[in-house]
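# Per-entry structural report
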Amino acid sequence: MLNQEELAEFSKQHYPMILKYCSKRLSNSEDAKDLTQEVFLVFTQKCHLIEEEHVVPWLFATAHKMLLREYKKHAQNSGRSFSYNESVDELAKKIKVIEDDIIDYYSEKYVDEIYSRLTPSEKKMFDLFSDGTIKTGEIAKIVDIEPHACSMRKKRLKEKCRDIMEEIIFI
């Protein structure tokens, strides 16, 4: 966890790098500055959740998420369909791996927070799936559903847990 002094130092040190990253991907320098400011605003709110060695990857992943939001917003406002160019697509894949690694790393630490946001039926499935020793077919019998339906619930539950974790850690 970073104290206020370390937070200010990290921001001072990494702001130019994130601004450059945003500037290369946005045509308007003011938009790049605004987006960079937004990244560091979120950083001040979330830095207590992030270990020091993950700050730089977190900054890039957050900037990328905000850039994608900005691209979609511009595409919707102009009435054009949203599409990536190849460099954005390749970068998106790399950032996604970083994002997934950060989420995986912190998921155990925030499992109680994730669990608290689940519905009672999701909590039951979470408990059964988290056991790790019960196979999907056995879980399906326990909850009286088809194995395929159980697999789909497991997939949706994983996605929901990932979305909750993404909300906790990022934006």
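Because the structure is a prediction, the values reported are computed rather than measured.

This brings us to the packing of helix α7 (residues 136-143) against helix α8 (residues 147-169). Closest axis-to-axis distance for the α7/α8 pair is 8 Å, and the angle between their directions is 100 degrees. Taken together, the axes of α7 and α8 are roughly perpendicular relative to one another. Seen from α7, the contacting residues are T136, I139 and A140; seen from α8, they are P147, C150, S151 and K154. Split into classes, the residues belonging to the contact of α7 with α8 amount to four nonpolar, two polar and one charged.

A separate point is the nonpolar core. In a soluble, globular protein the nonpolar side chains are often hidden away together inside. Membership of the largest hydrophobic core comes to 49 residues, with the highest contact counts inside it found for F43, W58 and I169. Every element with two or more residues in this core is listed here: α1 (4-25), α2 (29-46), α3 (55-78), α4 (86-107), α6 (120-130), α7 and α8. Broken down by element, this core gets its largest block of residues, 10 residues, from α3. Here W58 is in contact with V39, V42, F43, K46, I50, I102, I169 and F170, once residues within four sequence places are set aside.

Under the defined criterion, the tally for this structure stands at eight aromatic pairs. Summarising the aromatic geometry, the rings of Y15 and F40 are spaced 5.4 Å apart at their centres and angled 40 degrees between planes, so their arrangement reads as tilted. On the criterion of sequence distance, the pair formed by Y15 in helix α1 and F40 in helix α2 is long-range, its members being 25 residues apart. Ring plane angle 35 degrees and centroid distance 6.5 Å describe the contact between Y106 and Y110, whose orientation is recorded as tilted. The residues Y106 and Y110 share a single accessibility class, namely buried. The lysine or arginine in question, K65, covers the ring of F170, its NZ or CZ lying 5.7 Å from the ring centre.

The phi dihedral of D144 is positive, around 60 degrees, even though this residue is not glycine. By secondary structure assignment, the location of D144 is in the loop between α7 and α8. According to the relative accessible area criterion, D144 is exposed, its value standing at 69%.

Scored by pLDDT, the protein has a mean of 86; 92% of the residues are at 70 or more. Mean pLDDT values for the elements of the protein range from 79 in α4 up to 94 in helix α5 (residues 111-116).

Parameters and conventions
Residues numbered from 1 in each chain as written. Predicted model: local features only at pLDDT ≥ 70, side-chain atom pairs only at ≥ 80, totals over all residues. Heavy atoms only, no water. Axes fitted to C-alpha atoms, helices over the stretch in contact; angles between N-to-C directions. Helix = DSSP H or I, 4+ residues; strand = E, 2+ residues; numbered from the N terminus. Parallel < 35°, antiparallel > 145°, perpendicular 65-115°, else oblique. Contact = heavy atoms within 4.5 Å. Nonpolar A, V, L, I, M, F, W, Y, C, P; charged D, E, K, R; others polar. Core = buried A, V, L, I, M, F, W, Y, C linked by side-chain atoms within 4.5 Å. Buried < 20%, exposed > 50% of the residue type's maximum accessible area, 1.4 Å probe, protein only. Phe/Tyr/Trp six-rings, centres within 6.5 Å; stacked < 30°, edge-to-face > 60°. Lys NZ or Arg CZ within 6 Å of the ring centre and 35° of its normal. pLDDT = per-residue confidence, 0-100.

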